[in-house]
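An overview of the molecular structure
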Amino acid sequence: MSEEAEGSRAASYQLVGRDSELAELVGVLSRAGSGSGATAVIRGQAGCGKTTLLKAVTSTARADGWTVVTVQGIETEAELAGAGLLAALTPVRDDLDSVPPAQAQALGAALGWGTTTVPGERFLVGAATLSLLAAAGSRAPLLVAVDDVQWVDVESAEALAFAA
């Protein structure tokens, strides 16, 4: 493991007073890494450290060789259909060839990756999201981390929830 990766991993465990929450999230990663899917939701009041916990978990996952894709909900982008999905899926776009053609076409239309401008059908976009993430996850464990989901556009949130 590189010094940088080891430093990132060590930093992820130095959260003051959050050992139990971090241990629970690392347990979710462990279960997911062993081949069974897992989903975790970090909820709490604004300013209570949710983003810090999420950063610690993503840092740990990266240090352990996971593919990590992140979505940061941004209030000003909440009305931009597909903005969150574009952020999540662009890092794994190279796997688009492994997605069934109808799904790939719907996703391409939704994200501006294809030649068609006809909006993608919601189910096909969700299925394509799942297929694309599954393809990426077949090479290495995959973590999709979404922060401030309340500011992620509805279309992206629905597709990511379907994939989860």
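About the criteria used
- Residues numbered from 1 in each chain as written.
- Predicted model: local features only at pLDDT ≥ 70, side-chain atom pairs only at ≥ 80, totals over all residues.
- Heavy atoms only, no water.
- Helix = DSSP H or I, 4+ residues; strand = E, 2+ residues; numbered from the N terminus.
- Expected span 1.5 Å × (residues − 1).
- Buried < 20%, exposed > 50% of the residue type's maximum accessible area, 1.4 Å probe, protein only.
- Polar contact = N/O pair within 3.5 Å; in protein donor to acceptor, adjacent residues only side chain to side chain.
- Salt bridge = Lys/Arg side-chain N within 4 Å of Asp/Glu carboxyl O.
- Patch = residues over 30% accessible without salt bridge, like charges linked within 9 Å, V, L, I, M, F, W, Y side chains within 5 Å.
- Areas by Shrake-Rupley, 256 points an atom, 1.4 Å probe, with all protein chains shown as cover.
- Phe/Tyr/Trp six-rings, centres within 6.5 Å; stacked < 30°, edge-to-face > 60°.
- pLDDT = per-residue confidence, 0-100.
- Contact = heavy atoms within 4.5 Å.
- Axes fitted to C-alpha atoms, helices over the stretch in contact; angles between N-to-C directions.
- Parallel < 35°, antiparallel > 145°, perpendicular 65-115°, else oblique.
- Nonpolar A, V, L, I, M, F, W, Y, C, P; charged D, E, K, R; others polar.

1. Observations concerning helix α3 (residues 50-63)
Helix length check: α3 (14 residues) gives 20 Å between terminal C-alpha atoms against 20 Å at 1.5 Å per residue, within 8%. Extensive coverage of α3 is indicated by the burial of ten of its 14 residues. Residues K50, L53, L54, A56, V57, T58, S59, T60, A61 and A63 constitute the buried set of α3. Among the residues trailing α3, G65 stands out with phi positive, at a value near 90 degrees.

2. What about helix α6 (residues 122-137)?
With 16 residues, α6 extends 22 Å from end C-alpha to end C-alpha; this agrees with the ideal 22 Å at 1.5 Å per step. Within α6, burial applies to V125, G126, A127, A128, T129, L132, L133, A135 and A136. The opening residue of α6 is E121, an N-cap whose side-chain oxygen sits 2.9 Å from the backbone nitrogen of F123.

3. As for the pattern of salt bridges
When their charged atoms lie close together, side chains carrying opposite charge are able to pair. This model, assessed by the stated rule, comprises three salt bridges. Note that R139 is salt-bridged to D95, the shortest N-O span being 2.7 Å. Residue R139 is found in the loop between α6 and β2 (142-147), and its partner D95 is found in the loop between α4 (83-89) and α5 (101-111); the two are separated by 44 residues along the sequence.

4. Observations concerning a nonpolar patch on the surface
Together, F123, L130 and F162 make up an exposed nonpolar region whose accessible area comes to about 290 Å². By secondary structure assignment, the location of F123 is in helix α6.

5. Some points on the packing of aromatic side chains
Applying the stated rule across the entire model yields one aromatic pair. Ring centres of F123 and F162 lie 5.6 Å apart, and the angle between their planes is 85 degrees; this geometry places the pair in the edge-to-face category. Of this pair, F123 sits in helix α6 while F162 sits in helix α7 (residues 154-163), placing them 39 residues apart in sequence. Overall, the relative accessible area of 41% leaves F162 in the partly exposed class.

6. Concerning the confidence of the model for the chain
Mean pLDDT over the chain: 83, with 88% of residues reaching 70 or higher. Contacts of residues 1-13 to residues separated by more than four positions or lying in other chains number 16 contacts, the stretch itself having pLDDT below 50.

7. Overview of the packing of α5 against α6
In the contact formed by α5 and α6, the axes pass within 8 Å of each other and the chain directions differ by 105 degrees. Judged on the interaxial angle alone, α6 and α5 are roughly perpendicular. Between α5, through A102, Q103, A104, A106, L107 and A110, and α6, the contact on the second element is made entirely by L124, V125, A127, A128, T129, S131 and L132. Residue classes in the contact of α5 with α6 are distributed as ten nonpolar, three polar and no charged.

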